[in-house]
Amino acid sequence: MDKLLFGVAYYDEYMPYDRLDKDVQMMKSAGINVVRIAESTWSTEEPQDGVYDFSHIDRVLNAMHAAGIQVIVGTPTYAIPTWLVKAHPDVLAITPNGQNRYGARQNMDISNTNFRFYAERIIRKLIDHVKNHPAVIGYQVDNETKPYNTSGPEVQQLFVQYMQAKYPSLDSLNKAFGFDYWSNRINNWNDFPSTVGTINASLAGEFAKFQRMLVTNYLAWQTAIVNEYKQPGQFITHNFDFEWRGFSYGIQPDVDHFAAAKALDIAGVDIYHPTQDHLTGTEISFGGDMARSMKNGKNYLVIETEAQGFPQWVPYPGQLRLQAFSHIASGANMLEYWHWHSIHNSAETYWKGLLSQDFEPNPTYEEAKTIGKDFARLSNHLVNLKKTNKVAILFSNEALTGFNAFGFGWGAPGNYNDVLRPMYDALYRMNIGCDFVDPTSTTIENYQLLIVPALYAAPDSLLQRLNRFVKNGGHIVYSFKSGFSNENVKVRSTRQPGIINEACGIYFSEFTLPENAGLKDDPFKVGKPNNSIQRWMELITPTTAKVLAWYDHPVWGKYAAITENHYGKGLATYMGCMPGDVLLQKILQDAVTKAGLWGTDQQWAFPIITKYGVNENGKTVHYYFNYAATPATIIYPYANGTALLANEPVRKNQQLTLAPWGVTIIEEK
Amino acid sequence: MDKLLFGVAYYDEYMPYDRLDKDVQMMKSAGINVVRIAESTWSTEEPQDGVYDFSHIDRVLNAMHAAGIQVIVGTPTYAIPTWLVKAHPDVLAITPNGQNRYGARQNMDISNTNFRFYAERIIRKLIDHVKNHPAVIGYQVDNETKPYNTSGPEVQQLFVQYMQAKYPSLDSLNKAFGFDYWSNRINNWNDFPSTVGTINASLAGEFAKFQRMLVTNYLAWQTAIVNEYKQPGQFITHNFDFEWRGFSYGIQPDVDHFAAAKALDIAGVDIYHPTQDHLTGTEISFGGDMARSMKNGKNYLVIETEAQGFPQWVPYPGQLRLQAFSHIASGANMLEYWHWHSIHNSAETYWKGLLSQDFEPNPTYEEAKTIGKDFARLSNHLVNLKKTNKVAILFSNEALTGFNAFGFGWGAPGNYNDVLRPMYDALYRMNIGCDFVDPTSTTIENYQLLIVPALYAAPDSLLQRLNRFVKNGGHIVYSFKSGFSNENVKVRSTRQPGIINEACGIYFSEFTLPENAGLKDDPFKVGKPNNSIQRWMELITPTTAKVLAWYDHPVWGKYAAITENHYGKGLATYMGCMPGDVLLQKILQDAVTKAGLWGTDQQWAFPIITKYGVNENGKTVHYYFNYAATPATIIYPYANGTALLANEPVRKNQQLTLAPWGVTIIEEK
Amino acid sequence: MDKLLFGVAYYDEYMPYDRLDKDVQMMKSAGINVVRIAESTWSTEEPQDGVYDFSHIDRVLNAMHAAGIQVIVGTPTYAIPTWLVKAHPDVLAITPNGQNRYGARQNMDISNTNFRFYAERIIRKLIDHVKNHPAVIGYQVDNETKPYNTSGPEVQQLFVQYMQAKYPSLDSLNKAFGFDYWSNRINNWNDFPSTVGTINASLAGEFAKFQRMLVTNYLAWQTAIVNEYKQPGQFITHNFDFEWRGFSYGIQPDVDHFAAAKALDIAGVDIYHPTQDHLTGTEISFGGDMARSMKNGKNYLVIETEAQGFPQWVPYPGQLRLQAFSHIASGANMLEYWHWHSIHNSAETYWKGLLSQDFEPNPTYEEAKTIGKDFARLSNHLVNLKKTNKVAILFSNEALTGFNAFGFGWGAPGNYNDVLRPMYDALYRMNIGCDFVDPTSTTIENYQLLIVPALYAAPDSLLQRLNRFVKNGGHIVYSFKSGFSNENVKVRSTRQPGIINEACGIYFSEFTLPENAGLKDDPFKVGKPNNSIQRWMELITPTTAKVLAWYDHPVWGKYAAITENHYGKGLATYMGCMPGDVLLQKILQDAVTKAGLWGTDQQWAFPIITKYGVNENGKTVHYYFNYAATPATIIYPYANGTALLANEPVRKNQQLTLAPWGVTIIEEK
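Residues numbered from 1 in each chain as written. Chains lettered and ligands numbered in written order. Predicted model: local features only at pLDDT ≥ 70, side-chain atom pairs only at ≥ 80, totals over all residues. Heavy atoms only, no water.

For chain A, an unreviewed UniProt entry supplies the name Beta-galactosidase and the organism Limnovirga soli. Under the Sequence similarities (unreviewed entry) heading, UniProt states for chain A: "Belongs to the glycosyl hydrolase 42 family." Per UniProt, chain A carries the Catalytic activity (unreviewed entry) text "Hydrolysis of terminal non-reducing beta-D-galactose residues in beta-D-galactosides." (UniProt positions renumbered as here; feature names shortened; annotations may be inferred.)

This is the structure in structure tokens:
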């Protein structure tokens, strides 16, 4: 990327009247230099089977080009036209709740042959049509793709073929998956039952892997098609999203982000998050760290984020700017709002864009103008920020699926992301930068400290690799339930925590749920209200480990809650329970300190957030964010530099004031 | 109607043993002079296809007539017989949840050809059979009719025909409904997808209109059939009901009451409401005002209301009387309990009648006897009460459906009636009598003050008419979200509030949800706990309007919450948020006062409720109700008259004591 | 039974590696002398249609026999193999939610012809194969059988045949079930609609009876097959379970326990219950009293109970012993944990056995070893304990189904067991031993005091029998809603409470729900917070009854809440409302005292629980349990004896100390 991109999704198709020239003019005023188009308008582009109409595309490409605005063209396949469903009803996915109905996007079976046929045809037509237009800088294949729980008979057949290839012997499959239980044995491939009713977490976990593979293959297939047309200088991306809790919360359960991103040139994500009094920047940082990690540190695109968004998200003055620079501080090279104008009909009327339905300038748009101006002015200082972290979080879709099959107990709320996110959030609040790795990552050994939440399902080889990581001098913090089962969600029949007990120097055979339990003698000095355990409670006996905390409980007080163990040249910390946020942060602070990573930036903590990286000129850039409604002051501790936004010199140890929801960016000399 | 009717629903068919003579005797003792029969007993009247048995009907008609009790005969079509379903399973409606099962009432597709055939046949047979019986004073067509969400393939086909007629051009339909969004364009009528899965609120809203039209047409069809048999002096009514929240709460979403009532001679409703410590009379007043408004001020029938009802509704001593006269004070000419005896089998065993299953006299029955006696004695003073109001509430089914598609935000509780009812309730508590009007009403211009809750979807013409109403001297109080979208639930692309901003002298482009927000400086003097905003928050800028209240919020304090604007000769008040009940009442008090309508009766407020009207003799009758468990005193402020219940003279300025749950009725001399 | 049995469920089929010898050795160390096998492993025993493999069975039988451990062999029919479903999809039950899917156990239609064919074949093959093995002491037919709500077209056909046989006249059926209501009349058997959609509680109740009959017949059918092979000395049992609320809570709604147990030689049950701070012993006592009552006082088998169980159930030290002897004190002759080892795959991974998945000795296993040792040492003192009670609780599946059709009002939580269990629990807390009887019991008249919760649906004959019971000197405590409807859930048209009003000397015609209501003047001296009514409120007028408590309420204070009436030689107490637990216990204490049953053991109350019985040597054995985390002391009041666990003499009036969660067993000399 040669500059910071600032943009919006733009839908000429949806306009109540011809707005194009006026919109382009208003975009230019706001410093917008890129738009994304076409990703959900198949029925406009191909109004009938084999009849094409790219007039909206052409209009927009020409108008944008004339204004110097670049365009990313999306393939339109994630929302299907009425005529396709009428002609081929089987394109609608069959899920455990029956066959999907027409209406919403993302209702199709992405493995369906008919869907693939028509999808390929429109992709080829569209991309061939636009590929040489000078406005086009890249392509987005599909959008927020997931398997949508497709699990009908055709998918089942594909799955059985996949299983036959992976497990040539039914006997070993029965053994590995424990099918003797409840008479589930499969003694003939023809008997293979639908996975829909299964109560076997091994089978459900394997089917989830298969479904994630469908996504990986589907995106690779689209990418391969587009690659046939792609011109030099153009890129291909995709818009990945996260576990949704009314906002972008955690690891996406349905997609292997690292695997799926392999086919792409550049990673893209959407990041939606609370604002107003609930704006913390955590999701911006989390989603950004994940997106940057997808392509091993390469800068990424924020393809969607909110301008006004939901009614409760209308930003306070300053927040839109704060958010924008937070994205850039995590390594984003593009920030694109969904969307330019607010929709006048249909489901997302109250998911508002930069403009309201009245197309009038409004406070959010006015603030965006200041961002566009600063992006343009500072682009060569801010673009392509390189970030190098010594801490990584090891996540695993395999572990996630296995963990979520059982969670914290029958009917108890909470899933894998309720372990991972609190650990991430504690790092964020302490200004500890981190990357994400997954079991396929070759870079795990590059880090000094690994955070490993709930690695519930993992092959022996991964756990042995983690043991070696510690032996060779690495630090690891494990949560409870790590190592518990193998890659088939079969609980290990050896001592727990499986295999990693070697590095951790502990074992446990029983576990329970905490009730009025805490840590004995408040070992992390958090005070009584914070010194409590929220979830899970492994009854740990140390072998070689040092006990950092015993349980505070009349019966379970003889068991360890948190331990650390020197193993080889490294240190392994094990947390047998889920503490509250304050306690968790202290535990991780202790681990970070022992890993020798407690540095200058740790003098601040949330709501003061700092990020840094090295820009294209080789200079270090420090971002200081104030995620609060009150002003804050800090003493700038690094070499003399320039406050880029104010364009003023800053000296080491100079006191800086951060406005409410304010940001300062300092480039060292 | 030549007298007040006091009655019950009576089901000879359900009796565990022959009770008819005993029941008639007990009815006579209670002053009952009308019964409703037959509305859900098709399977008894036509036990097999084409086999008829009207013996229960005949028995009851004869016995009632002999006792001087009149009879309303219901067509039995809202509960279908087993043989019909066996022969024609397609009569069971297909809804988004699949096809209905046999068992409950109201499970049929009212547009189904087979259902219509058999329904017509039994209606003709029954009505022809009874039409000349001297006991019969009228007919009820069907019961609590609604579309029951019928939406199977046959209904879909009718809907597509309706759409083809209404929108000859698919292009303009696609534009009007925003079908380009998410690839929903329909480029060929053959591709029209089922509405069941739609995410398009314009389409869903249109389908809801179509479904309401099915009800209008169905009731008109039944009425036309019955009209062929109806004898002079007989009437046709229907039993309309309301949004159900465990009791009759608000506007019925599934029926256009005004349209459906056109075919009828007289309006009928059922009104169920909490009692005991939760009896307020609000639902009696609300349902009555709506029923009276259905036929433009004509007196109406309360076809069903509770005697004992649910276990928690067994009335306290006095409450049954209080309720009875409350109905009459709103303009009812009939009060009919559902039902005479409590059912011994099936679903409504615990929805108890005047008698329990033991048929013994009980306290509720004993109190009913006093009502019957007073009704008979005072009939010519109370019947045909004429009411004239200067305030009306403008409701709209179109707006309701549009509003409810989005409500107060994704997942937030509350719907259209949660705006309308609090506004109605505030008027009720202040003893401001009101009528209802809808967009088809020709009488809107007759009122001095219009209350307009959440007029979310409305054609330009209606909003322009409302602007003219103000210009010509009218007063309007609008709530938030009024004018927001057009009749197709397409958000206006002009300034908000759409079109009415002209009369209101304001605009807004952004809105949010309130969090710890109130009104600055407590402008309505309600005290801190009451001075808060419950829901929604439009960020209003006045143009010509005067600001009645600014938001009290650290960020949004620069925006107006409530405004008023002189426009032409009138005044338009706009409320950009939903206040709590106390605050809302003060806001409406202010509007009522400015409209010059704050009068003598406003010296009292709930729990003292007063109603008035003019009787057949041209005399004004004042009702005073005490909706409280403690006695109250009032000074009677009008001309000398007669306390009808006590049959005592009352002088102007005389002090009157109202018993707990008591009522006094004074006819001016 | 010639000795106490101590065992586990054992699944050689599920083992991750060959553990048999090691497991047998660890079982022997724990004193385990019985295992249950094979009840859910059909797919292992018959891997393909007609192909049998009993190698796991044989291995286990041989190994157990060699170690002197006895075996109960289960028929494997409650979990069906994949090949059977592939060949005959109709074996999967059709329920109101559609056809079941493959995966879980208990998904079949137990009345299905194909299922019966294959079930019979595997039963015959298996039982024939094992019947002569010397390890085999008995058989369990199926497991936790219920109708699983099977209600597809085939079942419907069987039901209509059953109805035709039971109600030869449709007219009388229509009358009895009130089918005239809502046009539900059936005028031709061919019109009989599916019960699935019914809103008629009489029909739903009859269908529930029919479904329970399917279970009775199915278990009798399996038993008859096994009986063809059963050898002398072998027994047949079944594993019944209870209403499940995350643990074994109350009467099983779906099975007539007394009817279904008739075919068996010995009753078996599973009992799961909370532990840790929530261990009370109530479910152990409740489930045991029910199991013992199934075969009229005969000792029973606890076929399943938890060792570790759910994570939150890991027992505190001492609790596993406390639980074990509590079962024996209720008359159990066997205690079998589900299960030996914790499952490594699938749904019940977190329903842990005696061993964790690591197969290592753990604290729970270590405590089990002490139980096994004491069972063996004390077997001839403890086995075959005979218990004789003077109090019985009359339960009724018919009443349960009828009550639950309406419960405490539309949408109100709570069902029949929420009346029965609090009444049982109060007796338990007061150490009043009791049996269960149902309407078919011939022993009702043997008791001095009957507790009758919510006998909502009952034939006249039963109520008349209960009147005679009182007349002849018996005491009864009725709850509200008793006698309300007949066996067809038709509310009586005579005075309430129906028929029993004669013995109770009261009547009521109206009822309501309590709101801020209690009992006037705290007649049971429980203090204000406890003196409140939780649910239901019949407005009772005494005729001959003495009023024990009037309602405390401004309006309903003139009605009686609790009454007692001398009738003949006996006393009938009637409770018109549901009090809280403390108040209820006082009410029952009063009744117990008036029945002359307040004895020595009533000096203690929960958490001190005492049970007693007579052992095979004719000696009385007293159990004292301390269900608390703190120690307790008691004065032993009976004849000199021996503390069996400590093997020490105990003298009358000696002070005994009970450890936290401790138990003492004293056999009188």
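Undergrad: So what's going on with the overall build of chain A? Residues and values would help.
TA: Scanning chain A from terminus to terminus reveals 17 helices and 31 strands. For chain A, the C-alpha radius of gyration of 26 Å lies close to 26 Å, the compact-globule estimate for 669 residues. Taken along the three principal axes of its C-alpha coordinates, chain A extends 75 × 75 × 40 Å. Residues classed as buried in chain A amount to 68% of the 669 residues present. Of the contacts formed within chain A by residues at least 6 apart in sequence, a portion of 74% connects residues at least 24 apart. Accessible surface, chain A as shown: approximately 21000 Å² in total, 50% of it carbon and sulfur. Of note, chain A has its 57 positive side-chain charges centred 6 Å away from the centre of its 65 negative side-chain charges. (Helix = DSSP H or I, 4+ residues; strand = E, 2+ residues; numbered from the N terminus. Rg over C-alpha atoms; globule rule 2.2 N^0.38 Å. Buried < 20%, exposed > 50% of the residue type's maximum accessible area, 1.4 Å probe, protein only. Contact = heavy atoms within 4.5 Å. Areas by Shrake-Rupley, 256 points an atom, 1.4 Å probe, with all protein chains shown as cover. Lys, Arg positive; Asp, Glu negative; His and termini not counted. Charge placed at Lys NZ, Arg CZ, Asp CG, Glu CD.)

Undergrad: Talk me through the pairing of strand β6 (residues 136–140) of chain A; I want residue IDs and the actual numbers.
TA: Residue and element names in this part refer to chain A. Counting buried positions over the 5 residues of β6 gives 5, a clear majority of the element. Here 4 bridges tie strand β3 (residues 70–74) to β6, and the two strands are oriented parallel to one another. Looking across to β6, one finds that Gly74 is bridged to Gln140. As defined by bridge partners, β6 adjoins strand β7 (residues 235–237) across 3 bridges and the pair is classed as parallel. The partner of Gln140 across the bridge, within β7, is Thr237. (Pairing = 2+ DSSP bridges.)

Undergrad: Just give me the short version of the sheet that holds strand β28 (residues 641–643) of chain B, but keep the residues and values in it.
TA: Residue and element names in this part refer to chain B. One open sheet accounts for 5 strands, arranged β25-β26-β31-β28-β29; its pairing is antiparallel. Either end of the sheet is taken by a strand with one partner, and the two such strands are β25 (608–614) and β29 (648–650). Strand-to-strand twist of the sheet, defined as the mean angle between neighbouring strand axes without regard to direction, takes the value 25 degrees. Relative to strand β31 (residues 663–668), strand β26 (residues 620–626) runs antiparallel, the two being bridged by 5 bridges. When the sheet's bridge partners are listed, Tyr623 is paired in β31 with Ile665. (Axes fitted to C-alpha atoms, helices over the stretch in contact; angles between N-to-C directions.)

Undergrad: Requested: an account of the relation of the copies chain C and chain A, with residues and values cited.
TA: At an RMSD of 0.1 Å, chain C and chain A line up after a rotation of 120 degrees and a shift of 0.1 Å along the axis. What we have between these two chains is a three-fold relation. (Least-squares fit on C-alpha atoms with pLDDT ≥ 70 in both.)

Undergrad: Let's hear about the pairing of strand β2 (residues 34–37) of chain C: which residues, and what values?
TA: Residue and element names in this part refer to chain C. Side-chain alternation along β2 places Val34 and Arg36 on one buried face and Val35 and Ile37 on a second face that is also buried. Strand direction decides the pairing type here: strand β1 (residues 5–9) and β2, joined by 3 bridges, are parallel. Each residue of the ladder has a partner; that of Gly7, found in β2, is Val34. Once the chain exits β1 it traverses helix α1 (residues 20–29) before rejoining the sheet at β2, and the crossover so formed is right-handed. In this sheet, strand β3 (residues 70–74) lies alongside β2 in parallel orientation, the contact comprising 4 bridges. Pairing of Arg36 across the sheet is with Ile72, part of β3. (Right-handed = clockwise from strand over helix to strand, strands pointing away.)

Undergrad: Let's hear about the UniProt feature "active site" (unreviewed entry) in chain A: which residues, and what values?
TA: Residues and elements named next belong to chain A. As annotated in UniProt, the feature "active site" (unreviewed entry) corresponds to Glu144 and Glu304 in the numbering used here. These annotated residues cover 161 residues of sequence, and their C-alpha atoms all fall within 10.5 Å of one another, placing them together at a single site. Along the chain, the position of Glu144 falls in the loop between β6 and α6 (153–166). Among all residues touching Glu144, those that are not within four sequence positions of it are Arg105, Gln106, His238, Asn239, Asp241, Asp270 and Glu304. Along the chain, Glu304 falls in strand β12 (residues 300–306). Residues in contact with Glu304, not counting those within four places in the same chain, are Arg36, Asn143, Glu144, Asn239, Val269, Asp270, Ile271, Tyr272, Glu336 and Trp338.

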